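Descriptive analysis of the structure
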Amino acid sequence: MMFARIPASKASKIIPRFLRLGLINRNIKISKGEGCRFIPILEGKEDVVTKMGYDFAESPVQFICRTSPQERILADLSDLPKNILNNLPRKWEYIGRIVIIKLEKSAEPYKQRIGKAYANQLKMDTVCVDRKGISGEFRRPSMEIIYGTQTEGTRLENGILYSLDVTKVMFASGNMDERKRMKFLDCTGETVVDMFAGIGYFTLPIAKFANPYRVIACEKNPESFKFLKKNIELNDVSNIVIPVLGDNRDLDIEDATVDRVLMGYVKKTSDFLLKALRMIKPGGMIHYHDTFHIREYRKMVNEIFDKYCPGRYEIKNIREVKSFAPSVSHYVIDVKIS
């Protein structure tokens, strides 16, 4: 095996060029040397590399496994009944070194075997099964550990660290695009209130990237609040975010003093709209989340705001966050209050 030796400082430009020219053996790992990178070159392509002005060197050969995790998991569990193998999950979620999957009822007798296989092939410490999603006022998850013991992990997403206990606190992966959108808002100099902060889903990207003056993050669930405080520290925004434990309707905030309100809740969001309207300044923005029938969401949004602030609102944008149920979706509505 021949390895082209290239300067480490130029690797980010040279490696993509070699790939485009079809020079690299993609079954062998690129290795590092002092101030250089060793690029595995396909047999018969050495002259091309030499003409480009690069020399060759020896390096240990490390093969890359090109089989997918799904293929490796199926191979590990190949002795299980075929109907079980056919229904094994092909996708999953990561929270640190914890993987979360869903299982069919038929797989119950084999769940420990399945958990071990997923942990081994995905190189995870813990495997959990999401049984019923989230429920209750505090949106608690229903998780069963089928391998390992670790339940706390940290997820890096869009430059934000989210730490949580997967058995006590939800993490909605379907809201990822909305969390990312918060990062790119212009909140320069604003006072922002997050009425349903959770572990900081929307608070953290706004505080870290959107340049607000301050963010008041309210959370009622003590478990979520514990991780909200931890995540504020992890993301170095303690000088911007003020965490508040309790019902957001009890927030001690003067009327018309807030520039932006986040209402990241669903189903009963309108119960909290009067508080948001009291806090918001004229010209302020409310990001209102709720679930609506896919053919009636515009009508229902107008009915809600006509009831609570008739003639004083302008709908700037409506976005579908994710599907929630058959013919029902979770939407976020950006509403300017005049």
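Note that the structure is predicted; figures quoted are calculated from it, not measured.

As a further point, take the nonpolar core. If you look at soluble globular proteins, the nonpolar side chains tend to sit buried side by side. Counting residues in hydrophobic clusters, the biggest one holds 33 residues, and the most contacted among them are Ile-199 and Ile-206. Counting residues per element, the ones that place at least two in this core are strand 6 (98–101), strand 10 (160–165), helix 7 (203–209), strand 12 (214–219) and helix 8 (222–234). With four residues, helix 8 is the single largest residue contributor to this core. Core analysis: the next-biggest nonpolar cluster, separate from the first, contains 31 residues, Val-193, Leu-273, Ile-286 and Ile-337 among them.

Time to look at the pairing of strand 12. Taking burial as the measure, the six residues of strand 12 include five buried ones, the bulk of the element. When strand 11 (residues 191–194) meets strand 12, the two strands line up parallel, connected through four bridges. Across the sheet, Val-192 pairs through a bridge with Val-215, a residue of strand 12. Taken together, strand 11, helix 7 and strand 12 form a β-α-β motif whose crossover is right-handed. Bridge count between strand 12 and strand 13 (residues 241–245): five bridges; the pairing is parallel. Bridge assignment links Cys-218 to a residue of strand 13, and that residue is Val-244.

Conventions and cut-offs
- Residues numbered from 1 in each chain as written.
- Predicted model: local features only at pLDDT ≥ 70, side-chain atom pairs only at ≥ 80, totals over all residues.
- Heavy atoms only, no water.
- Core = buried A, V, L, I, M, F, W, Y, C linked by side-chain atoms within 4.5 Å.
- Buried < 20%, exposed > 50% of the residue type's maximum accessible area, 1.4 Å probe, protein only.
- Helix = DSSP H or I, 4+ residues; strand = E, 2+ residues; numbered from the N terminus.
- Pairing = 2+ DSSP bridges.
- Right-handed = clockwise from strand over helix to strand, strands pointing away.

As far as function goes, none of this settles anything; it's purely spatial.
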